[in-house]
Amino acid sequence: MPPHTLSPAPDALVIRAGRRSVMVGLPCSVLLIAVGAVGVFGAALIATGNQKGQSTVAGFAGLVFMLALGVLGVCLFLSNWANRHSRILVDHTGLWVANGNGCR
């Protein structure tokens, strides 16, 4: 049996996990950011007094919810972008997870 190494073998099977999550996660996060931008626009209309009709509690709650979705979209975008180079390697010594900075 070969000695244990601290890195995967050169012939390890590579599964690119980061690219798959980016292809799904980035469009979803951009959609959430767009919803948040509409919430910012609505909040700006209320703050400047340019909205038509009466402001209601439900309207304010909707704007807060839209802003929260925008913040969630930004967080998801940043995490997906940071993990875009993630991959899983499998060799005879075990399972390795690489995030672009090294293997664990």
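Structure shown above.
Residues numbered from 1 in each chain as written. Predicted model: local features only at pLDDT ≥ 70, side-chain atom pairs only at ≥ 80, totals over all residues. Heavy atoms only, no water.

**Some remarks on the side chain of Ser86**
So, step 1. Here Ser86 lies in the loop between helix H2 (57-82) and strand S2 (87-91).
So, step 2. Of the polar contacts made by the side chain of Ser86, one reaches the backbone oxygen of Asn83; its length is 3.1 Å.
So, step 3. Residues contacting Ser86, with those up to four places away along its chain left out, are Arg16, Ala17, Gly18, Ala98 and Asn99. (Helix = DSSP H or I, 4+ residues; strand = E, 2+ residues; numbered from the N terminus. Polar contact = N/O pair within 3.5 Å; in protein donor to acceptor, adjacent residues only side chain to side chain. Contact = heavy atoms within 4.5 Å.)

**What to know about the packing of aromatic side chains**
So, step 1. Under the counting rule described, the total for this entry stands at one aromatic pair.
So, step 2. Pairing Phe77 with Trp81 gives two aromatic rings, centres 6.3 Å apart and planes at 5°, and the pair type is stacked. Residue Phe77 and its partner Trp81 are both found in helix H2; the two are separated by four residues, about one turn of the helix.
So, step 3. Assessed through its relative accessible area of 43%, Trp81 is described here as partly exposed. (Phe/Tyr/Trp six-rings, centres within 6.5 Å; stacked < 30°, edge-to-face > 60°. Buried < 20%, exposed > 50% of the residue type's maximum accessible area, 1.4 Å probe, protein only.)

**Side note on the sheet that holds strand S3 (residues 94-98)**
So, step 1. If you trace the three strands from one edge of the open sheet to the other, you get S1-S2-S3, paired in antiparallel fashion. The sheet is open, and its two borders are formed by strand S1 (13-15) and S3, each paired with just one other strand. For this sheet, the mean inter-axis angle between neighbouring strands, taken without regard to orientation, is 20°.
So, step 2. Taken together, the five bridges between S2 and S3 define a ladder with antiparallel strand orientation. The residue bridging Ile88 from the neighbouring strand is Val97, located in S3. (Pairing = 2+ DSSP bridges. Axes fitted to C-alpha atoms, helices over the stretch in contact; angles between N-to-C directions.)

**Describing the side chain of Ser29**
So, step 1. Among the structural elements, Ser29 can be located in helix H1 (residues 17-48).
So, step 2. With residues near it in sequence (within four places) discarded, Ser29 still touches Gly73, Leu76 and Phe77.

**As for the environment of Gly94**
So, step 1. Note on placement: Gly94 falls in strand S3.
So, step 2. In this structure the C-alpha to C-alpha distance between Gly94 and Ala12, which are 82 residues apart in sequence, comes to 9.7 Å.

Any functional reading would require information that these geometric values do not contain.
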